[in-house]
Amino acid sequence: MNQNLTTDRQTFVTHLECSITGERYEADQLHGLSRAGRPLLVRYDLDAVRSSISRNTIEARPTDLWRWRELLPVRHTSNIVSLGEIETPLVPLTRSGGPNVLVKDEGRLPTGSFKARGLVMAVAMAKELGVTKIAMPTNGNAGAALAAYATRCGIETIVFCPDDTPEINVREIAMQGARVWRVNGLIDDCGAIVGKGAAEGRWFDFSTLKEPYRIEGKKTMGLELAAQFGWKLPDAIFYPTGGGTGLIGMWKAFDELEKLGWIGPERPKMFAVQASGCAPIVRAFEAGEEHAERWEDASTVAAGIRVPKAVGDFLILRAVRESGGQALAVGDPAILKAVDAAAKQDGLLLCPEGGATLAAYHQALNTGLVDEDDKVVLFNCATGLKYPMPEAPQALDRTRPIDFDAL
Ligand SMILES: *Cc1c(COP(=O)(O)O)cnc(C)c1O
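The shown structure was predicted, so the numbers you read here are calculated from the model rather than taken from an experiment.

Draft legend 1. Quick peek at the overall build of the chain. Within the chain one finds 13 helices and 13 strands. Its C-alpha atoms give the chain principal-axis dimensions of roughly 75 × 50 × 45 Å. Within the chain, residue pairs in contact and separated by at least 24 positions form 71% of the contacts whose partners lie at least 6 positions apart. As displayed, the chain offers around 16,900 Å² of accessible surface, 50% of which is attributable to carbon and sulfur atoms. Taking the average place of the 45 positive charges on the side chains of the chain and the average place of its 52 negative ones, the gap between the two points comes to 4 Å.

What follows is the structure in structure tokens.
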């Protein structure tokens, strides 16, 4: 068994806190949103963490997500159902990106996307708190990760996705043991069905940020980056933003690391990347608003960031503004061009959402928001293998003479 999981232990969680009012909530109880209808954030006794471990302790452990266990909420490691949550590599994107561009390739995680980070944590906590039935709206990857982890520990799952969700996502969800329904609407329409069933007591609502622990799982992206950069951080991070869990989680991670004294006060500029066909956060950022209104008629090839309304909108906007970054929109043609460039020039197959970050990087470079010397991390959040690719129809008849010069 993974050494990072061999000892059962107590968590350092002290309580949970409403992200808008600061109201306190008890640990070790099942929570959804706060009474104000906003996400709950998990708080730790960081002084106790500091006196119990150091950066060296972390570095001596195997490089996976569980090396960070003191900064994670699970109380009993026996509740963790691991599928092998590795530390993802930083891959240089020299030609299609530039000399200082690295891709954090999250496609290598279980179920092929970074949704595994959030769901491995949320499912472990659901198990710890006695949940037996979960429902979730998804654009694809979250449903797949939920299905995998929940099935593995015997929790029943029902998943609702827009009827134009990538076919492979719908099938992987079903294959991994969830009941999956295609709904003629968008992800927030699916969320309304989940909310209705939850209000009737039929299941626990696992929508993005409506339970507190997915952020904690996604936070490990920020923890990993700090360790991978030698306890410094890059100059800029480009994050494809739907519900924004990862961006919020990384921002929280940096804060906790600074309080531990493991990093300094410097922060990367955080760029929240959206598609022009669904850019509620960009619109709110540009208008100077604290919250983002729903985006009507949302449409983009990048299904993972087709989120018309995010419950953590103000947390995304706050992090982006505090960091000196910006919210950027890129069009579908630029997204597809970026995916093509990374594959053809650098041999790295990005998902469309990952392509969006590369397109946004070039936009930021052209408008002077970053420069070529800046150390930049782009997030490729899922394996490119899950998405449609152009046909390659050439065939060879081996029984006829072959024109080798034409191959
Ligand atoms: C979920 C998802 C996103 C958006 O992530 P959030 O943290 O929810 O904003 C981006 N890309 C892909 C492929 C996804 O599955």
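Back to the write-up after that little detour.
Draft legend 2. Examining the packing of aromatic side chains more closely. Under the counting rule described, the total for this entry stands at 9 aromatic pairs. Judged by centre distance (5.8 Å) and plane angle (25 degrees), the rings of Phe 114 and Tyr 239 are stacked. One end of the pair, Phe 114, is in the loop between strand E5 (101-105) and helix H3 (115-128); the other, Tyr 239, is in strand E10 (residues 236-240), and 125 residues separate them in sequence. Looking at Tyr 239, the relative accessible area reads 2%, which means it is buried. Note on Trp 251 and Phe 254: the rings are 6.4 Å apart at their centroids and 75 degrees apart in plane angle, and the pair reads as edge-to-face. You can see Trp 251 and its partner Phe 254 sitting in helix H9 (residues 245-260), 3 residues apart, about one turn around the helix.

Draft legend 3. A look at the pairing of strand E6 (residues 133-137). Extensive coverage of E6 is indicated by the burial of 4 of its 5 residues. As judged from the 5 bridges shared by E6 and strand E7 (residues 156-162), these two strands associate in the parallel manner. Bridge pairing links Met 136 to Val 159 in E7. As paired strands, E6 and strand E9 (residues 204-205) are joined by 2 bridges and run parallel to one another. What sits directly across from Ile 134, in E9, is Phe 204.

Draft legend 4. Summary view of the sheet that holds strand E2 (residues 24-26). Across the sheet, 3 strands lie side by side as E2-E1-E3; this open sheet has antiparallel pairing. The sheet is open, and its two borders are formed by E2 and strand E3 (40-44), each paired with just one other strand. Each neighbouring strand pair of the sheet contributes to a mean axis angle of 35 degrees, computed without reference to strand direction. Sheet topology places strand E1 (residues 13-18) next to E2; 3 bridges connect them, and they run antiparallel. Paired with Glu 17 across the two strands is Arg 24, which belongs to E2.

Draft legend 5. A look at the nonpolar core. In terms of nonpolar packing, the biggest core is built from 100 residues, with Trp 66, Trp 68, Leu 119, Leu 146, Phe 206, Met 250 and Trp 262 touching the most fellow members. In terms of residue count, the dominant contributor to this core is H3 (9 residues). In contact with Met 250, other than residues within four places in its own chain, are Lys 219, Met 221, Gly 222, Leu 225, Ile 237, Tyr 239, Met 270 and Phe 379. Core analysis: the second largest hydrophobic core is formed by 26 residues, Ala 302, Ile 335, Ala 356 and Leu 358 among them.

Draft legend 6. Spatial organisation of H9. Look at H9: 22 Å from first C-alpha to last across 16 residues, which is about the 22 Å you get at 1.5 Å a residue. Of all 16 residues in H9, 13 are buried; the element is thus mostly enclosed.

Draft legend 7. Quick peek at a nonpolar patch on the surface. A contiguous nonpolar surface patch, about 450 Å² in accessible area, is contributed by Leu 396, Ile 402, Phe 404 and Leu 407. Its location among the elements puts Phe 404 in the segment after strand E13 (376-380).

Draft legend 8. Quick peek at a negative patch on the surface. A cluster of acidic side chains, namely Asp 235, Asp 371, Glu 372 and Asp 373, defines a negative patch on the protein surface. Looking at where Glu 372 falls in the secondary structure, it is placed in the loop between helix H13 (352-366) and E13. Residue class for Glu 372 comes out partly exposed when judged on its relative accessible area of 48%.

Draft legend 9. Spatial organisation of the site of the ligand. Residues in contact with the ligand amount to 18 residues; listed here are only the nearest, Lys 115, Lys 218, Tyr 239, Gly 242 and Gly 244. Within the side chain of Tyr 239, a nitrogen or oxygen atom sits 2.5 Å from an oxygen atom of the ligand. Measuring from an oxygen atom of the ligand, one finds a backbone N or O atom of Gly 246 at 3.1 Å. Protein coverage of the free-state accessible area of the ligand, which is 380 Å², stands at 96%. For the shell around the ligand, the secondary-structure elements that each account for two or more residues are E10 and H9. Looking at side-chain class alone, the shell around the ligand contains 7 nonpolar, 8 polar and 3 charged residues.

The rules we used
- Residues numbered from 1 in each chain as written.
- Predicted model: local features only at pLDDT ≥ 70, side-chain atom pairs only at ≥ 80, totals over all residues.
- Heavy atoms only, no water.
- Helix = DSSP H or I, 4+ residues; strand = E, 2+ residues; numbered from the N terminus.
- Contact = heavy atoms within 4.5 Å.
- Areas by Shrake-Rupley, 256 points an atom, 1.4 Å probe, with all protein chains shown as cover.
- Lys, Arg positive; Asp, Glu negative; His and termini not counted.
- Charge placed at Lys NZ, Arg CZ, Asp CG, Glu CD.
- Phe/Tyr/Trp six-rings, centres within 6.5 Å; stacked < 30°, edge-to-face > 60°.
- Buried < 20%, exposed > 50% of the residue type's maximum accessible area, 1.4 Å probe, protein only.
- Pairing = 2+ DSSP bridges.
- Axes fitted to C-alpha atoms, helices over the stretch in contact; angles between N-to-C directions.
- Core = buried A, V, L, I, M, F, W, Y, C linked by side-chain atoms within 4.5 Å.
- Expected span 1.5 Å × (residues − 1).
- Patch = residues over 30% accessible without salt bridge, like charges linked within 9 Å, V, L, I, M, F, W, Y side chains within 5 Å.
- Salt bridge = Lys/Arg side-chain N within 4 Å of Asp/Glu carboxyl O.
- Near = heavy atom within 4 Å.
- Polar contact = N/O pair within 3.5 Å; in protein donor to acceptor, adjacent residues only side chain to side chain.
- Nonpolar A, V, L, I, M, F, W, Y, C, P; charged D, E, K, R; others polar.

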